[in-house]
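# Summary of structural features
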Amino acid sequence: MAATRNSNPDDTFYKTADAFFAANSKVGLTYDDITLATLYSEILPRNTHLDTTLAEGLHLNIPAISADMDTVTESRMAIAMALNGGLGLIHYNMPERDQLSQVSRVKYHVQGLIQDPIKVAPDQLIGDVLTMIEEKRFGFSTFPVVDAKGKLVGLLSGHVVKPRYAAKKVFEALTPRKQVHTITKKELGKDPIARADKFFTEHLGIHKLLVVDDEDHLHGLITMSDVERITLERKAQFKPARDAQFRLICGAAVSATRNAFGELDRGRILSHVESLVERGVDVVAVSTAHGHSKGVGDTVKVLRDAFPKLPIIAGNVTSAAGVEYLADCGANAIKVGQGPGSICTTRIVAGVGIPQMTALYVCSRAAAKKKVSLLADGGITKSGDIVKALTLAQAVICGGMFAGCTEAPGEALEIGGKLYKQYRGMGSIAAMKAGSAARYGHEKADATRKMAAEGIEALKESVGTVDRVLAQLIGGIQSGMGYLGAASFEQLRQKARYIRVSPAGQREAAPHDVVELKTGN
């Protein structure tokens, strides 16, 4: 049909999500199969806002989450992600007590108010304090001194915690209580960091402030270095993701654990998540390869009943029915993606899975109806993929993008003059033997029998720090939003227009017909 005189040619070729995906309903599309059309813009990339809300009480300053994989996210990665405004999901391929310890390391990294500082007793030997520092690998040597009733006695300064004084008792070397600067809990008010900042400004040379109650019981410690760090963060464009107590945000993955009779082990799941909540975890992810299943749904229901306000992520799914099921069970955010990861072989082994953009579109319609968030999990290889994903989802989960980072678990290997880090799918034989078998519907004992792996073991070239990788990704996201005239992700989703790309168009999009001297990174 000939175009009418008043029609816009752009509307014929560049379609909204509903029109585009309906027209391509007979083929599964992924990131490289499509491109976004540019629009008139008054938005500079640097003026875009990258904050996103995944659930009530779970707010990120950038839409990036590191995957709950045992070669991607432990405490170091989660700390780095949170400091950049994102979120790390600590994997569950470890003993439960170790996961609790990992969460604690994140939650108490560069604290504002250290609510339970390490204390020493007056009758301890300084030699014992030195031993404790060495065994616990503390990076500090100044300690509050309290008596048996928890009352403040004084402060043991790092200047006297030395081997030459090892035979002396703490009370012989401490700074007496009357010379120690303190503040009461009441005086801290609603903004303890601002109050502490004012205190350090008024008291030249004082670097630590002890918090006590009216009876002089010790209730916390604030250091000037922590206050300065948080004050600088508040002025940064992309602030660290922190909770109401100024602790870094951290997530943890859990599985639909079963007992010896094959039934959902509700008691063990509840006990572990209760411990995670006590450590301050901000979100729990019920992570399996097949989220549209009874085990995952029942686990989400159990957690929702026990923890009404705890944000819950669940997945993975690739259908609207899967999103609706998990949302009805009580999940706040749904992970979308089955088989798109660079080390995942689910689509080859099992013959199931949907290319990511089609899966995201289908799931986004159900998510909008159920008022839950979508997380695009897997298949991200460049910042442009993230921009495309965010036209339909609230955030992306990346594994391979971060697996080569310094903060990822594992040692770097040098091969042929280049540094690499191990990266493996959670469905690989090695990962399932280590404990992730339940993620794929197997028991850990099954690893000794025949079972089909749904992932491979590989190497990722070392790419430096998370800060460096995220700087590249954030810059790309901002550029994409600038091209579409979108100041926020809500505007991005409203304005996005799509068109399919031919194989020749895909080649044209990448560097071609040149000898590349320096990569874009």
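Coordinates for the structure precede this section.
First, a word on what this report is: a plain description of the structure on this page.

Conventions and cut-offs
- Residues numbered from 1 in each chain as written.
- Predicted model: local features only at pLDDT ≥ 70, side-chain atom pairs only at ≥ 80, totals over all residues.
- Heavy atoms only, no water.
- Helix = DSSP H or I, 4+ residues; strand = E, 2+ residues; numbered from the N terminus.
- Rg over C-alpha atoms; globule rule 2.2 N^0.38 Å.
- Buried < 20%, exposed > 50% of the residue type's maximum accessible area, 1.4 Å probe, protein only.
- Contact = heavy atoms within 4.5 Å.
- Patch = residues over 30% accessible without salt bridge, like charges linked within 9 Å, V, L, I, M, F, W, Y side chains within 5 Å.
- Areas by Shrake-Rupley, 256 points an atom, 1.4 Å probe, with all protein chains shown as cover.
- Salt bridge = Lys/Arg side-chain N within 4 Å of Asp/Glu carboxyl O.
- 1 Å grid on protein atoms, 1.4 Å probe; cavity = no way out; pocket = protein on both sides within 12 Å on 5 of 7 lines; lining within 4 Å.
- Points joined across faces, edges and corners; volume = space filled by probe spheres on them.
- Pairing = 2+ DSSP bridges.
- Expected span 1.5 Å × (residues − 1).
- Core = buried A, V, L, I, M, F, W, Y, C linked by side-chain atoms within 4.5 Å.
- Axes fitted to C-alpha atoms, helices over the stretch in contact; angles between N-to-C directions.
- Polar contact = N/O pair within 3.5 Å; in protein donor to acceptor, adjacent residues only side chain to side chain.

The helix and strand tally for the protein stands at 20 helices and 21 strands. Compactness check: the protein gives a C-alpha radius of gyration of 26 Å against a globular reference of 24 Å for 521 residues, within 12% of the reference. Its C-alpha atoms give the protein principal-axis dimensions of about 95 × 60 × 55 Å. Every one of the 521 residues in the protein was classed for burial, and the buried ones make up 49%. Partitioning the contacts of the protein with sequence separation of at least 6, the portion at a separation of at least 24 is 68%.

Moving on: a nonpolar patch on the surface. Taken together, the side chains of Leu413, Ile415 and Leu459 define a hydrophobic patch exposed on the protein surface, amounting to about 240 Å² of accessible area. Structurally, the position occupied by Ile415 is in strand S18 (residues 413-415).

Applying the stated rule across the entire model yields one cavity of 30 Å³ or more. Looking at the largest cavity, its volume works out to about 40 Å³. Ile62, Pro63, Ala64, Ile386, Val396, Leu470, Leu473, Ile474 and Ile477 are the residues that line the largest cavity. With four residues, helix H18 (residues 466-483) is the single largest residue contributor to the lining of the largest cavity.

What follows is about the sheet that holds strand S7 (residues 152-156). With antiparallel pairing, the three strands of this open sheet are ordered in space as S6-S7-S8. Sheet topology places strand S6 (143-146) and strand S8 (175-176) at the edges, where each strand pairs with a single neighbour. As defined by bridge partners, S7 adjoins S8 across two bridges and the pair is classed as antiparallel. Directly across from Gly154, in S8, lies its bridge partner Pro176.

So, about helix H11 (residues 294-306). Here H11 contains 13 residues, and its C-alpha end-to-end distance of 18 Å stays within 8% of the 18 Å for a straight helix at 1.5 Å per residue. Burial in H11 covers these residues: Gly295, Val296, Gly297, Asp298, Thr299, Val300, Val302, Leu303 and Arg304. Buried-residue contacts for H11 involve strand S12 (251-254), helix H10 (266-278), strand S13 (283-287), strand S14 (312-317) and helix H12 (320-329).

Take the nonpolar core next. Grouped together as the largest cluster of nonpolar side chains are 109 residues, with contacts concentrated most on Ile65, Leu303, Val323, Leu360, Phe402, Leu470 and Tyr498. Contacts of Ile65, omitting those with residues within four sequence positions, involve Leu54, Leu60, Met81, Leu87, Leu89, Leu375, Ala395, Val396, Ile397, Cys398 and Phe402. Counting 13 residues, the second-largest nonpolar core is a separate cluster that includes Ile183, Phe199, Met224 and Phe246.

Let's shift gears to the environment of Gly127. Its place among the elements puts Gly127 in helix H5 (residues 126-136). For Gly127, a relative accessible area of 17% gives the class buried.

Pairing is mixed across the open sheet formed by three strands, whose spatial order is S9-S10-S11. Strands with a single pairing partner mark the edges of an open sheet, and in this sheet they are strand S9 (182-184) and strand S11 (218-223). If you compare each strand with its neighbour and ignore which way they point, the axes differ by 30 degrees on average.

Going through the model one piece at a time under the given rule, you end up with 15 salt bridges. Between Asp385 and Lys382 there is a salt bridge, and its shortest N-O distance comes to 3.3 Å. Take Asp385: its relative accessible area is 1%, and that puts it in the buried class. The class of Lys382 is partly exposed, set by a relative accessible area of 37%. Among the ionic contacts, a cluster of salt bridges with common partners joins Lys107, Asp243, Arg247 and Asp282.

Here we come to the environment of Lys495. Within the secondary structure, Lys495 is located in helix H19 (residues 489-495). Note on Lys495: relative accessible area 28%, which makes it partly exposed. Here the alpha-carbon distance between Lys495 and Val211, two residues 284 residues apart in the chain, equals 51 Å. Not counting residues within four places of it along the chain, the set of residues in contact with Lys495 comprises Leu39, Leu484 and Gly485. Reaching out from Lys495, the side chain makes a polar contact with the backbone oxygen of Gly485 at a distance of 2.7 Å.

Turning to unusual backbone geometry, a few remarks are in order. With an omega of 10 degrees, the peptide bond between Gly315 and Asn316 qualifies as cis. The residue Asn316 is located in strand S14 in this model. Positive phi is not limited to glycine here, since Phe246 has a value of about 70 degrees. Structurally, Phe246 is set in the loop between helix H9 (224-235) and S12. Here Asp513, not a glycine, exhibits a phi torsion of approximately 60 degrees, which is positive. Inspection of the secondary structure puts Asp513 in the segment after helix H20 (503-509). Since its relative accessible area comes to 75%, Asp513 is described here as exposed.

Shape descriptors only; they carry no functional weight alone.
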